[in-house]
Amino acid sequence: MTSNYSKILQMSWRPTYRSSKFRNVYGKADNREECFDGIPITRSVHDSQFCAVNPKFLAIVTESAGGGSFLVIPVSKSGRIDPHYPKVCGHQGNVLDIKWNPFMDHVIASCSEDCSVRIWEIPEGGLRRNMTASALELHGHTRRVGLIEWHPTCSGLLFSAGYDNKIFLWNLEIGGPVKRIDCHSEVILCISLNADGTLLATTCKDNRLRLIEPRSGKVLQEADCKNHRVNRVVFLGNTRRLITTGVSQWNTRQVALWDQDDLTRPITEEEIDGLSGLLFPFYDADTHMLYLAGKGDGNIRYYEIHKEKPYLQYLMEFRSPSPQKGLGVMPKRGLDVGACEVFRFYKLVTLRGLVEPVSMIVPRRSETYQEDIYPMTPGTEPAVSPDEWLSGINRGEVCVVVSSASSFAYFTRHPFIFVRAAPVLMSLKGSYKRPDQKALRASKRERRAMVVHGIDLLENIQPKRDSELLKLFFRQQDELKRLREELNHRDTRITQLELELKNLKNDCNSRPSCLRCGSPMSTSRPQPPSIS
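Residues numbered from 1 in each chain as written. Predicted model: local features only at pLDDT ≥ 70, side-chain atom pairs only at ≥ 80, totals over all residues. Heavy atoms only, no water.

- The protein chain goes by Coronin in an unreviewed UniProt entry, where it is assigned to Denticeps clupeoides.
- As stated in UniProt under Sequence similarities (unreviewed entry), the record for the protein chain gives "Belongs to the WD repeat coronin family." (UniProt positions renumbered as here; feature names shortened; annotations may be inferred.)

Structure below.
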């Protein structure tokens, strides 16, 4: 009986560790020269990012009196920003959210406490004077507007959510709303669109997660989240799943994974910590990595999403002593492909008036283009026009997977294709630049700096046996002992040098000085000349 039971246990056991090409991803903060300093970041308590970035411009909501404003700075012009730098200052109330158009790098949308949504066109090279006239003003909300979101496959559609519990769908070609979604009883906390823009997920203050068809405004599914009070929601690409962050029954921060086809209960829930700051989720559909950054925290956790258990695999954590108020995310087409950069944050540090870029890098030794970590990604070409999408047409890239010669012959005999409703994709191979030797040597020095007495601090390898775990433990204890001894030796050396410096000062003060030049005179008696 015992032998059968042990066999069952052996068959049911599965290792929790899963091999991954992203298990060694590490965060790297840029130098002070590459940061944006001297920015009066807004002190608003609204739960928003207050930052938006694209390959050309960086936009930050600023603190101002007599209306709302935000800065638009070229990404290449880092360093200290002039206090009189031109601003976009057309709103009569505080700016609550800003978003760049994913298809046009010079168009940005903003919403404000003055109940309006405005579209701005930034000139080439940035602002030269304050901009007060917007390209388009959208009025329809009766209370302040807190959230805006661009459509992922169409450049002329914009969603906005206000404190009047309504969501408006705006057609920028006609300059007015084409749909009003009125199904929420409380303030809307977050809105998110899936990859093709055919589904809209919302979280509300009534602790309900809703899945809405944006064309008709019909609520397809609704989940009552009593045990998991949701705050933020994000679609996980084309996986037909959602991620929400919120608070559990015991007031601990929590993340939950949902199936969009069944919102009766979450697939899995995982508690993060007991802090009170809001958790912002960021998902990278190309690498299937989830980043969690808390408001007021200094760290950024990142996980890898799997279709099977464990659904959320913890990878590593980027730590920083500076708390973040918000984070902007650079699109994939703006990353440094040569340095194997897979994600980049722009971190707002209010206390220092600083915007700090933080890069997530996959350590690779090869100097060639890494196709396995850079698949096809959404580009700058819209898939449909506003009229086509509103009429029910979903058109995107043509997806025909040919795995063998027989399948190719099948598609040639049957002249039809399957069109997936998704953004038009592009390759990042054209933006690849081979890193120069100086940067390569610097990256190798950084890599060597992470290796201490044979222990690679970037390696997150789980020991397979107890003996390996004990060996790693004793190696770490030896390393800690060596560091303590080195620290004590340096403290002793510093004390000796301070005593020697004090003795030199006392020796100089005790010597008599010359009345003519003020230099110290020798106290020894001169010897008489010798008589030969």
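**Describing the nonpolar core**
Logical step 1: Among the nonpolar cores identified, the biggest contains 33 residues, and Ile 39, Phe 70, Val 72, Ile 122 and Tyr 346 are the most heavily contacted of them.
Logical step 2: Breaking this core down by element, the ones donating at least two residues are strand S3 (51–53), strand S4 (57–62), strand S5 (68–74), strand S8 (95–100) and strand S29 (341–349).
Logical step 3: A total of 5 residues in this core trace back to one element, the largest contributor, which is S4.
Logical step 4: Once residues lying within four places of it in the same chain are set aside, the contact partners of Ile 122 are Phe 57, Val 72, Val 88, Trp 100, His 106, Ile 108, Leu 127 and Met 131.
Logical step 5: If you look at the next biggest cluster of nonpolar residues, it comprises 26 residues, including Phe 22, Met 316, Leu 327 and Val 342. (Core = buried A, V, L, I, M, F, W, Y, C linked by side-chain atoms within 4.5 Å. Buried < 20%, exposed > 50% of the residue type's maximum accessible area, 1.4 Å probe, protein only. Helix = DSSP H or I, 4+ residues; strand = E, 2+ residues; numbered from the N terminus. Contact = heavy atoms within 4.5 Å.)

**Let's talk about the UniProt feature "coiled-coil region" (unreviewed entry) in the protein chain**
Logical step 1: With numbering matched to this structure, UniProt assigns "coiled-coil region" (unreviewed entry) to residues 480–507.
Logical step 2: From the first C-alpha to the last, residues 480–507 spans 41 Å; its make-up is 100% helix and 0% strand.

**Some details on the packing of aromatic side chains**
Logical step 1: In the structure shown here, the tally under the stated rule is 10 aromatic pairs.
Logical step 2: Their ring planes at 80° and their centres at 6.3 Å tell us that Phe 70 and Trp 120 sit as a pair that is edge-to-face. Linking Phe 70 in strand S5 with Trp 120 in strand S10 (residues 116–121), this pair joins segments that are 50 residues apart in sequence. Like Phe 70, the residue Trp 120 is buried in the burial classification. (Phe/Tyr/Trp six-rings, centres within 6.5 Å; stacked < 30°, edge-to-face > 60°.)

**Some thoughts on the pattern of salt bridges**
Logical step 1: Tallied over the entire structure, the rule returns 28 salt bridges.
Logical step 2: Where Arg 118 meets Glu 137, a salt bridge forms, and the shortest distance between an N and an O atom there is 3.4 Å. Remark: Glu 137 occurs in strand S11 (residues 136–139) and Arg 118 occurs in strand S10; sequence separation between them is 19 residues.
Logical step 3: A salt bridge links Asp 273 to Arg 301, with the shortest nitrogen-to-oxygen separation between them at 2.8 Å. (Salt bridge = Lys/Arg side-chain N within 4 Å of Asp/Glu carboxyl O.)

**Quick look at the sheet that holds strand S18 (residues 208–213)**
In sheet architecture, strand pairing relies on hydrogen bonds along the backbone and comes in two forms, parallel and antiparallel.
Logical step 1: Sheet architecture is open: 4 strands sit in the order S16-S17-S18-S19, paired in antiparallel fashion. A single partner strand is all that each edge strand has here, and the edge strands are strand S16 (188–193) and strand S19 (218–224). Between one strand axis and the next, the sheet turns through 20° on average, direction left out of account.
Logical step 2: Sheet analysis places S18 next to S19, joined by 6 bridges and oriented antiparallel. (Pairing = 2+ DSSP bridges. Axes fitted to C-alpha atoms, helices over the stretch in contact; angles between N-to-C directions.)

**Digging into the side chain of Thr 62**
Logical step 1: Within the secondary structure, Thr 62 sits in strand S4.
Logical step 2: A distance of 3.0 Å separates the side chain of Thr 62 from the side chain of Ser 69, its partner in a polar contact.
Logical step 3: Ignoring sequence-local partners within four residues, the contact set of Thr 62 consists of Ile 39, Pro 40, Ile 41, Thr 42, Ser 69, Phe 70, Leu 71 and Lys 87. (Polar contact = N/O pair within 3.5 Å; in protein donor to acceptor, adjacent residues only side chain to side chain.)

**Let's talk about the sheet that holds strand S15 (residues 176–181)**
Logical step 1: With antiparallel pairing, 4 strands are arranged side by side in an open sheet as S12-S13-S14-S15. Every other strand in the sheet has two partners, leaving strand S12 (145–150) and S15 as the edge strands with one partner each. Across the sheet, the mean angle separating the axes of adjacent strands is 25° when strand polarity is ignored.
Logical step 2: Here S12 runs beside strand S13 (residues 157–162); their pairing, made up of 5 bridges, is antiparallel. Paired with Leu 147 across the strands is Ala 161, a residue of S13.

**Some points on the pairing of S5**
Logical step 1: Extensive coverage of S5 is indicated by the burial of 7 of its 7 residues.
Logical step 2: The side-chain alternation of S5 yields two buried faces, one formed by Gly 68, Phe 70, Val 72 and Pro 74 and the other by Ser 69, Leu 71 and Ile 73.
Logical step 3: Sheet analysis places S4 next to S5, joined by 6 bridges and oriented antiparallel. If you follow Ile 60 over to S5, its bridge partner there is Leu 71.
Logical step 4: Linking S4 to S5, which pair antiparallel, is a turn of 5 residues; within it Gly 66 sits at a positive phi near 75°.

**A closer look at a nonpolar patch on the surface**
Logical step 1: A contiguous nonpolar patch, built from Ile 174, Val 178 and Leu 390 and spanning about 240 Å² of accessible area, is present on the exposed surface.
Logical step 2: By relative accessible area, which is 34% here, Val 178 ends up partly exposed. (Patch = residues over 30% accessible without salt bridge, like charges linked within 9 Å, V, L, I, M, F, W, Y side chains within 5 Å. Areas by Shrake-Rupley, 256 points an atom, 1.4 Å probe, with all protein chains shown as cover.)

**Some remarks on the confidence of the model for the protein chain**
Logical step 1: Here the protein chain averages 83 in pLDDT, and 81% of its residues register 70 or above.
Logical step 2: Here residues 5–15 is a poorly scored stretch, pLDDT under 50, and it has 0 contacts once near neighbours within four places are set aside; other chains count. (pLDDT = per-residue confidence, 0-100.)

**Focus: the environment of Arg 215**
Logical step 1: Inspection of the secondary structure assignment puts Arg 215 in the loop between S18 and S19.
Logical step 2: Considered as a pair, Arg 215 and Leu 200 are 15 residues apart in the sequence and their alpha carbons are 9.7 Å apart.
Logical step 3: For Arg 215, the residues in contact, after removing those within four places along its chain, are Lys 179, Thr 198, Trp 389, Leu 390, Gly 392, Ile 393 and Asn 394.

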